[in-house]
Amino acid sequence: MAERSGPGRVLLVTGVSRDLGRRFARAAARHPNVERVIGVDVAPPRGDIGKVGFVRADIRNPVIAKVIAKEEVDTVVHLSVIATPGTTGGRSTMKELNVIGTMQLLAACQTAPSLRQVVVKSTTQVYGASSRDPAMFTESMEPRRTPSSGYARDVADIESYVRGFARRRPDIAVTVLRCANVLGPSVVSPIAAHFRRAVVPNVLGFDPRLQFLHEQDLYGVLEHAVRTGVPGTFNVAGDGVLTHAQVARRLQRVTVPIPEPLFGLARFGGGEYPAELKALLTYGRGVDTTRMRSLLGFEPRYTTEDTVVDFADSVMPSVNRADRALAALESRLTGAPGD
Amino acid sequence: MTESAAQGLTGTTARERHPLRAIPAADWAAALEIAAKEVFGAEWEEQLARFIVFLRRRISGEYSVDEYGFDRELTQRFMLAVLRPIKEKWFRVEVRGIENIPTDGGALIVSNHSGTIPMDGLMTMVSIHDELGRDLRPLGADLVFRMPIVGNIARKAGATLACSEDAERMLRNGELVGVWPEGFKGIGKPYSERYKLQRFGRGGFVSSALRTGVPIVPLSVVGAEEIYPLVGNIPALAKVIGVPYLPITPFFPLLGPLGLIPLPSKWLIEFGEPIRTDAYDAAEADDPMLVFNVTDQVRETIQQTLYRLLGERASVFG
């Protein structure tokens, strides 16, 4: 795969007000092959953006087309798809930002002569999570049930617009990265919040398989995709799977089983459990990453297990009395000092 | 009585007078030691230490599961250990033709299904593990994975959803996959239809074997039909609950939980000669006529073997 190089790479990164977009844009701007990086968002970034030029614009309106044309952008990295409404307001605003925003962005891209590459961060949540799922989804598999609402529906819509765009502009390399749940010391997401709770609720009688992508590997794969320009759709996840119980035990969390029908209702002291997270915590999900290795040529540095171990360092353990008691007993029996 | 014990009895606060405080730590230790000797035998210290290492690994989550959720350690050390005495002492399972299962590489075991609950699948798992040292990876209906606890245990024990994606993925990775094509029609059939094979689904398992070129090993299980003779069913209530059938046996629900004890029938299980599929082209997996013929061949083999085994078994509880 020929690497795209030479000066003159101009990146447009959406969603720089949030951590992922800001950090990626800042790192990209430091790259020697990149001439300049333009960050776009409706709100200004909350931290240092280094050499990144910030344009306060809403990707939902046509201003974005002017920015792409004026700056002669050759690569668009679309990171502004959000999983939770957060500070943006309600669910309807979130849907509009995600879906209408992507439509407008792609419409702007379609008329841009300078454009050569589009990278979209998607998620493995497009596969849904149900009892009828195959154990490992490959990129060619469809979700068993098309999601009717929420983030999963947004992502499904966004991906279908991106596919349409790729058909209309075959000269542009379009890369869709379906990333597994991202975890890391500084990640803020519903699942990270779930595991940071002192008492972690789990769905009674279910122990779902989970896969994680380390935040460093997320930056890694975005950088890799921009650098190599391999077109296509790819699952991106750390190696291996861990069950919910394993993750909770690694993090030394106390779990409280909640019957499935009640799980979505309770907010458990402020925690957010959108429908897709509830489904994930019930049935779990695994994705096959063969194409990520063979075609995209990306190798994550962290396995799912490494990711959880690294995340654990940032989480205060809430319980380890059972283990301490057993360790003491073991050291007495073997005569060796317990750890 | 030691001094501390005396103090416990003469304590002034409720906390000090707590009955457990009257027992000195040394007595606790002695009692535990006797209990440990009772459970683990003379080499109890070593055995217990090993058990605690196991327990700590489980508590800290430092065990591994494969991509389907199979927990080999838990299955071998716990589930199979529980099932083994049932297989050997209760059902006295006699295993024949184990040499028909390849010792390595992918293979598809196709079995008849009976017994109200899938006890035949569990006994097959123990038998294959003990006689051959291989793990059977059962394919289960999606209802299994929709149910709490049951679905969880099924995945931990190595099962996955009966769909072509999972079946072919496992077979390509060289796993020994077990399938019960009769499904709920098989285990939920009335006692009067015992040992009569039901329809073999749509032959999806044959397509998967053809596509991956693995041999099909027919398995005939005799004995499971009699463990819970199904004499009645409440279809209306089953429909409300969302299960395929609600069994009534001579002892259940009449005797309550006691009725859940399976009858100690004598089991014979026989693995038949493998049916090779590598001679066919993978594209022929989409030929409905070929799939139909191979399905029929497997079904006929199992049915004939069932009749022969029934003739060889001295009596139901022999």
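Quick caveat: nothing in here was measured; it's all calculated off a predicted structure.

K.L.:
Hey, could you go over the pairing of strand S9 (residues 268-271) of chain B for me, with residue numbers and the actual values?
P.N.:
Residues and elements named next belong to chain B. Along S9, one buried face is formed by Leu268 and Glu270 and the opposite face, lined by Ile269 and Phe271, is buried too. In terms of strand pairing, strand S1 (residues 94-96) meets S9 through three bridges, oriented parallel. Bridge assignment links Arg96 to a residue of S9, and that residue is Glu270. Pairing of strand S6 (residues 216-222) with S9, which is carried by four bridges, proceeds in the antiparallel orientation. Paired with Ser220 across the two strands is Glu270, which belongs to S9.

K.L.:
Hey, could you go over the environment of Ala159(B) for me, with residue numbers and the actual values?
P.N.:
One can find Ala159(B) in the loop between helix H7 (150-156) and strand S4 (160-161). Sequence-wise, Ala159(B) and Lys37(B) are 122 residues apart; in three dimensions their C-alpha atoms are separated by 36 Å.

K.L.:
Describe the pairing of strand S2 (residues 34-41) of chain A, listing the residues and the values that go with them.
P.N.:
Residues and elements named next belong to chain A. One ladder, built from six bridges, connects strand S1 (residues 9-14) with S2; its direction is parallel. For Val10, the partnering residue across the bridge sits in S2 and is Arg36. Considered for its hand, the β-α-β crossover made up of S1, helix H1 (residues 19-29) and S2 is right-handed. When S2 meets strand S3 (residues 53-56), the two strands line up parallel, connected through four bridges. For Gly39, the partnering residue across the bridge sits in S3 and is Phe54.

K.L.:
An account of the packing of helix H3 (residues 91-110) of chain A against helix H4 (residues 150-168) of chain A is needed here, citing residue identities and associated values.
P.N.:
Residue and element names in this part refer to chain A. Look at H3 against H4: their axes get within 9 Å of each other, and the N-to-C directions meet at 5°. If you check the angle between H3 and H4, you find them roughly parallel. Residues Lys95, Asn98, Val99, Thr102, Met103, Leu106, Cys109 and Gln110 of H3 form the contact with H4, whose own contacting residues are Asp154, Asp157, Ile158, Tyr161, Val162, Phe165 and Arg168. Classifying every residue of the contact of H3 with H4 gives eight nonpolar, three polar and four charged.

K.L.:
Describe the sheet that holds S1(B), with residues and values.
P.N.:
Residues and elements named next belong to chain B. Pairing within the open sheet is mixed, and its seven strands lie in the order S1-S9-S6-S2-S5-S3-S4. The open sheet has two edge strands with one neighbour each: S1 and S4. The sheet contacts of helix H5 (residues 119-132) involve S1, strand S2 (107-111), strand S3 (136-140), strand S5 (176-179), S6 and S9, and relative to S3 the element is tilted by about 165°. Those strands touched by helix H12 (residues 288-312) are S2, S6 and S9, and its axis lies near 35° from that of S6.

K.L.:
How would you summarise the environment of Thr84(A) if you had to cite specific residues and measurements?
P.N.:
Locating Thr84(A) in the fold gives a position in the loop between strand S4 (75-78) and H3. Thr84(A) sits 66 residues away from Gly150(A) along the chain, and the two C-alpha atoms are 8.9 Å apart.

K.L.:
An account of the interface of chain B and chain A is needed here, citing residue identities and associated values.
P.N.:
At the interface, 27 residues of chain B touch 26 residues of chain A. Those elements giving two or more residues to the side of chain B that touches chain A turn out to be helix H3 (44-60), helix H6 (142-146), H7, S4 and helix H8 (164-172) of chain B. Examining the composition of the side of chain B that touches chain A, we find that nine residues originate from one element, H3(B), more than from any other. Looking at the side of chain B that touches chain A residue by residue, the class counts come to 13 nonpolar, six polar and eight charged.

Thresholds, definitions, all that
Residues numbered from 1 in each chain as written. Chains lettered and ligands numbered in written order. Predicted model: local features only at pLDDT ≥ 70, side-chain atom pairs only at ≥ 80, totals over all residues. Buried ≥ 20, exposed ≤ 12 C-beta atoms within 10 Å, placed from the backbone. Helix = DSSP H or I, 4+ residues; strand = E, 2+ residues; numbered from the N terminus. Pairing = 2+ DSSP bridges. Right-handed = clockwise from strand over helix to strand, strands pointing away. Axes fitted to C-alpha atoms, helices over the stretch in contact; angles between N-to-C directions. Parallel < 35°, antiparallel > 145°, perpendicular 65-115°, else oblique. Contact = placed C-beta atoms within 7 Å. Nonpolar A, V, L, I, M, F, W, Y, C, P; charged D, E, K, R; others polar.

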